[in-house]
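Read off the chains here:
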Amino acid sequence: MFVLVVDTSLMNVSISAVVRDLGTTVSGVQSAIALEALVSAAFILIGSKVGDLIGRKLAYILGLLGYAVGALAMAFAQSLTAIIVFWAVVGGLGASLLLPAMQSLIHGNFEGAAQKRAYALVGASAAIAAAVGPLFGGFVTTYLSWRVGFLFEVAVIAVVLSGIKLVHDVPYTGSRRVDVVGAVLSVLAILVWQEGGESVLAVLAVGAAALVLLVYWLRRQKRLGKPTLLDPDLFKSKVFESGVTGQMLQQIALGGTMIVLPIYLQMVLEYNALKAGLSLAPLSLTMFAVAVVAGRRAARRRPAGIIRLGFAILTFGLILLIPIVPRADSGWWLVVPLVIAGIGLGLLVSQLNNYTLSPISDERVSEAAGVNSAGGSFGLSFGLAFAGAIMLATLSLGFTNLANSSTVLSPAEQQQVAHALEADAQIMSNTQLEKQLAGHPEKTQNEIIRINTDARHLALQVALLIPILAGGLGLLNSFRMMRLPDPTPSEAAEGMVLG
């Protein structure tokens, strides 16, 4: 779990180094990051069923090996294609096997209080990784190489595999029949919803249709007594439904924030990976500290109330970034809003998973955890992809509009500048731009630098609207939670704190 969380943090803070070393683009790397989370989300329900059929321990081992292949490919990759194929696709498939199998193995290898401690330790590993991931990634990338960070992941996986004999398999006693149609519809719905391409509305309509068909198919199979990919009766629990929604919205907010801020810090403020990681530390460290404290001291408070407070604080902290961005000349300007947002995320992390899984019966808890993980992975993927795409698209449009409206540049210069900055929008810092403009009139140089700076500030502000909107929707969803009775924990679900 530690490796799974550190992996994404490492990619986020090393974007500029990966772009430079591989000669690729920010949008290309950002798309690979989003694709990895997307593949995991799309196949996690199938991964859970595969674990039932081939054995949870074997699925766990295959998942570890898939993730190791992805990390090893990153260490030696010479092109973006290798990253997409091995890290995003193979690694994402590994995660889809790994997560449900890990939860099932913990459930079957431990009982009672020991089981709760095991789940808590895995959850604590994820929280610690979220806190130290940006710092670790920044340090390794700056002083060694981002490739070394992925070799570290391979080493950790090797250690885990060396002790695999300690893990006892957990036999599956349910039906071994496979719901092929449900599996295909679940993958289609998630993949299509994410990958809009040029025909966005048409493809989103196909994704929506696939979701509707999936719901219809699951209910039909359940009514006929046939095997289903997952039990549709899970969603009869309003607590579970609203909890999964909150989980997805929290991850959209987190994913969107954690992709646009590293890009901004490295491309606009021209920070190296270490400085970018340090600048993001207030968010991750605060999230970890608050999650630990809230998890211990919130027993007497309604979980829904804490979730509502978490979304409200998160949204407020992100909104504070909007007016600060054009004025910020260092990461210090971001400390206060990131601490506030981290407090909100910490409150959410401490409550959402247990709230969501508490009312689920023992026999359905692993299945419900798979749905919850799929919702979170999809949210993370959507936040990464959509916020990053919005930022880069706004950069391109901003360059063109600001150049065309300039009163300093001539019409010929306007066209030339708009075309040049649009082509180099993702990698051209002001320092690099100044070098390229050497020999041009000072007035022209200053105007082009201003256009580059203003467009980048506007792009970050627009991109931040994605996590802000997710936080606002999460806040609205939390009012629905407040109207529901507090969930009564089942024996198996209590203590399930995986993110």
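The present account deals with the structure reproduced in this document. Computed from a prediction, not measured in an experiment: that's the story for all the values here.

### Concerning a nonpolar patch on the surface
- Residues Ile54, Leu58, Leu62 and Leu65 make up a contiguous nonpolar surface patch of roughly 310 Å² in combined accessible area.
- With three residues, helix α4 (residues 56-76) is the single largest residue contributor to the nonpolar patch.
- If you trace the backbone, leucine 62 turns up in helix α4.

### Here's the deal with the pattern of salt bridges
- In total, this model carries three salt bridges according to the counting rule given.
- A salt bridge links arginine 20 to aspartate 21; its shortest N-O distance comes to 3.9 Å.
- Judged by its relative accessible area of 59%, arginine 20 falls in the exposed class.
- Residue classification places aspartate 21 among the partly exposed residues on the basis of a relative accessible area of 41%.
- Of the charged contacts, one joins aspartate 454 and arginine 450 as a salt bridge, the two residues approaching to 2.9 Å between their closest N and O atoms. Separated by four residues within a single helix, aspartate 454 and arginine 450 lie in helix α17 (residues 442-483), roughly one turn from each other.
- Relative accessible area serves as the criterion here: at 32%, aspartate 454 is assigned to the partly exposed category.
- For arginine 450, a relative accessible area of 33% corresponds to the partly exposed category.

### A closer look at the environment of asparagine 477
- Position of asparagine 477 relative to the elements: it lies in helix α17.
- The exposure class assigned to asparagine 477 is buried, which follows from its relative accessible area of 10%.
- Not counting residues within four places of it along the chain, the set of residues in contact with asparagine 477 comprises Ser242, Thr245 and Gly246.

### Describing the nonpolar core
- With 83 residues, the main nonpolar core has Ile15 and Ile83 as its most contacted residues.
- Considering each element in turn, this core owes the most residues, 13 residues, to helix α10 (residues 238-267).
- Each residue touching isoleucine 15, except ones within four places of it in the same chain, is listed here: Val26, Val29, Ile33, Ile259, Ile263, Gln266 and Met267.
- Met1, Ala68, Ile106 and Phe240 belong to the second largest nonpolar core, which has 32 residues in total.

### Let's talk about the environment of leucine 254
- Residue placement: leucine 254 occurs in helix α10.
- Remark: the alpha-carbon pair of leucine 254 and glycine 379, spanning 125 residues in sequence, is separated by 8.8 Å.

About the cut-offs
Residues numbered from 1 in each chain as written. Predicted model: local features only at pLDDT ≥ 70, side-chain atom pairs only at ≥ 80, totals over all residues. Heavy atoms only, no water. Patch = residues over 30% accessible without salt bridge, like charges linked within 9 Å, V, L, I, M, F, W, Y side chains within 5 Å. Areas by Shrake-Rupley, 256 points an atom, 1.4 Å probe, with all protein chains shown as cover. Salt bridge = Lys/Arg side-chain N within 4 Å of Asp/Glu carboxyl O. Helix = DSSP H or I, 4+ residues; strand = E, 2+ residues; numbered from the N terminus. Buried < 20%, exposed > 50% of the residue type's maximum accessible area, 1.4 Å probe, protein only. Contact = heavy atoms within 4.5 Å. Core = buried A, V, L, I, M, F, W, Y, C linked by side-chain atoms within 4.5 Å.

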